[in-house]
Amino acid sequence: MERFRWVAILTFGLVTLVSGAPVEADAYRQKILDLNPVGYWRLGESSGTNAADEVSASDGTYRNGVSLGQTGVMGADTSAGFDGSNDYVEIPHVADFLVDEGSIQFWFKASRTSSRRGLFTKDSSGFDTGGHVSIYIGSKRVKVRLQSTSSSKTLQSAQISADAWYHVVLTVGAGGMKLYLNGAEVDTDSYTGGLGTSSGGTGNLEPIALGSNSWGSDDLVVTPLQNYFSGDIDEVAIFSYALSPAQISTAADPGWLFTDVSATTGFNVQTASGTDASGLHWADLDADGDLDVIVTGSVASRQLMNVNVGASFSASTLSGMSGRQGALVDIDNDDDIDFWHRDEALFENDGNAFMTDIGDLGLSQPSNNENAVAADVDHDGWCDIVMFSGSNKNWIGRLQSGAPVSLVGTDDSSYGLNDSGDYGNGDLCSAGDVNDDGFLDFFYHYGSGKLFLSNGDGTYAENASGISVVTGNSDKMGSAWGDYDNDGDLDLFVPRYDSGQRGYLWRQDGTSFTNVTVAAGLTDTSRQRSACWGDYDNDGDLDLYIATATGDNVLYRNLGTGTFSPVDEGTTASGAAHDSVFVDYDNDGDVDIAVTQAGGTNTLLRNNTDDTNYLKVRVIGGGGGLTNKAAIGVRVDLYNATGLTLLARRDIGLARGFGGSAPLWVHFGGITNTDTYIVKVHFVSGVRNVTVVPQTASTTIGSTTISQMLTVKEGGKRIVRWEEVRPTP
């Protein structure tokens, strides 16, 4: 279920809908009370039939079984749920509601938007004494009808989505009628009447109904009602003056840490439908100092170029690329990032982010596979391609250097990927250096999960090491590796698509894995599709984000004790999620969240932490004979100033999630930017130690300087401030 949050405020002459992220419930309550409402119903009761008015003007009554205790827009407080059949809230009229200058606000989340549904109504049949008002859903829009004694004035918003929270405000009075949605003015009318005598008669004396329409009711009673609402309503208030735009913005901001910037940046393109994976792959494709993204998808695979460090994205379609998994790779070690797709096609970067399909490079044997992994399996400094097939074994495409490069495919059993029972459905795969030998290992979603561990010589041995999960065509999902307990080895989260079942958190102790899902406090049982690790709060440990196919996505904060707590920071991004990933798309030092959606547009959530408690690291391999240029699979460790205490571990460009890759720049939180640290980069040629004070580090790429980013190049000198200019072709 999608859980965007919207607030509705009605000020005579203005209605507003705003989205945001929840603050503490008490803080939001105080924020509304500071605006001096004449009526304020939080609808946060857990039982009973009384809907309390916070300013004691007029308590309401829950009628016909309104569902109390539903998840509210504030998270810590609850909302009222309506079944769309016959339940509603009735609030008696009092004289304070006869406002000629006024505002109405509320939040709502509709489970259905295709037919007319009442939200807030103070109305009856006919024009009567004027000032009748109804706010409702019609034609997938928020609509307003305000009446004089002889005519109706109307407003409406753009189309809205089901299962998303909206904030609505209507203002009325001398400034005209105005409707606001999520803090933005969406429609106006010059009519200056309100709910009192300014609409031509003695004013609106009708009771209020929430969750239905009373415009066909008898005078001075709410019944008979119609157009019953299906969904949740929260934080309803009436004001005796027209709220200003600034006040509406305040009321529409629940204080979430994350802001949905999908529409404002142009990230809201559709790539996926159905169950074919839509993966996210972030890299600086045009060498201008910000991360661009390739998104695979069954509707259309897209390339979104980052413009002006996250201000917007310019989208184009990658023809010939379908959905499912792909891999970022500098296939020819020419210092720009190419892309391999599971369709057995390389999209070669010309150095300016123009991607050309140049075919399979000789690797055409895999079939019926959904995955593709880039890995330098033999440590020759060139990335190879690994593909787990559904019908004709598993394959390694060994890269042959030269001009042009080519791939030679092998399914030889001596490589250890094709023992009996080790291949079959071609589902997705995640990667990480699990046994810390410097070579990438692979977790293939087949059977109960196949973990192929490198022998350190280009061959592999299948050893689940205690891991057992549910996979299959009806249980497709994307797993992710990360060192969540900062002990230096990789742990694994595997989602579970079956409804009512938790995913799996497998903690590594160096030799085997233990399922700690329950002990860690991971309680989500919705249909999980994907997951990703990232330190969203810059406190030094990896947090977990789980993308679900049928409910709200879940952000778990790492408490640093081996346990997690679910938090609502405006990150629900509800819909039929596919892939998700933490990425600092705007170079401000905190990781944002990107999500692909099936049957809808993709989501980008900007993190507003905006502190200096971070260090970013960019790694460049030496190429042939050393580490692959893109540093795919390279481990980066952060130590204290003595080099004796490991603080955190990150890994570059790993295959992960529902068809995606980890970003090619890594992020560490929990930093004091004036302190000294040692970064240890595990190159093929050996571990390189770099001492850094984050405040003094920067990397300049093109015309973009990225503060607190360290660039480390294999075989080069120690670099704290890096500047590069791409030569003009």
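Refer to the preceding data block for the structure.
Per-chain numbering applies: the sequence of each chain, read as written, is numbered from 1 onward. Residue-level local features of this predicted model are given only where pLDDT is at least 70; pairs of side-chain atoms are given and counted only at 80 or more, and the full residue set underlies all totals for whole chains, interfaces and linings. Hydrogens and water are ignored here; the side-chain numbers use all heavy atoms of the structure.

Asker: Which residues make up the packing of aromatic side chains, and what are the values?
Answerer: We call Phe, Tyr and Trp rings a pair once their centres come within 6.5 Å, taking the six-membered ring for Trp, and we label the pair stacked below 30 degrees between planes, edge-to-face above 60, and tilted otherwise. A complete count under the given rule lists 26 aromatic pairs for this structure. Relative to Phe97, the ring of Trp41 has its centre 5.9 Å away and its plane inclined at 70°; by these criteria the two rings are edge-to-face. Placement of the pair is Trp41 in strand β3 (residues 37–41) and Phe97 in the loop between β8 (88–91) and β9 (102–110), with a sequence separation of 56 residues. Throughout, exposure labels follow a simple rule: accessible area from a 1.4 Å probe, protein chains only, divided by the maximum for the residue type, with under 20% read as buried, over 50% as exposed, and the rest as partly exposed. The class for Trp41 is buried, based on a relative accessible area of 0%. Its relative accessible area of 0% is what places Phe97 among the buried residues. In this structure, Arg529 packs its charged tip against the face of Tyr497, placed 4.1 Å from the ring centre. The rule for a charge over a ring is simple: NZ of Lys or CZ of Arg within 6 Å of the ring centre, and within 35 degrees of the ring normal. A cation over an aromatic ring shows up here: Lys680 above the ring of Tyr639, its NZ or CZ 4.1 Å from the ring centre. A run of H or I in DSSP counts as a helix once it spans at least four residues, and a run of E counts as a strand once it spans at least two, with each numbered from the N terminus.

Asker: How would you summarise the pattern of salt bridges if you had to cite specific residues and measurements?
Answerer: We count a salt bridge whenever a side-chain nitrogen from Lys or Arg sits within 4 Å of a carboxyl oxygen from Asp or Glu. Going through the model one piece at a time under the given rule, you end up with 22 salt bridges. Residues Glu90 and Arg63 are paired through a salt bridge, measuring 3.2 Å at the closest nitrogen-oxygen approach. Taken together, the positions of Glu90 in strand β8 and Arg63 in strand β5 (residues 60–63) put the pair 27 residues apart, joining distant regions of the chain. Asp378 is the salt-bridge partner of Arg398, the closest N and O atoms lying 2.7 Å from each other. Taken together, the positions of Arg398 in strand β29 (residues 394–400) and Asp378 in the loop between β27 (373–375) and β28 (384–388) put the pair 20 residues apart, joining distant regions of the chain. The class of Asp378 is partly exposed, set by a relative accessible area of 25%.

Asker: Tell me about the nonpolar core, and name the residues and values.
Answerer: Each nonpolar core is a collection of buried residues, namely Ala, Val, Leu, Ile, Met, Phe, Trp, Tyr and Cys, held together in the definition by side-chain atoms within 4.5 Å. Counting residues in each nonpolar core, the largest one holds 70 residues, and the members touching the most others are Trp340, Phe442, Val617, Val619, Val636 and Val679. A domain assignment, automatic or from a database, supplies the domain bounds used here. Split by domain, this core shows at least three residues from each of two domains, domain 2 (276–607) and domain 3 (615–713). Counting 43 residues, the second largest nonpolar core, distinct from the first, contains Phe97, Val99, Leu155 and Val168.

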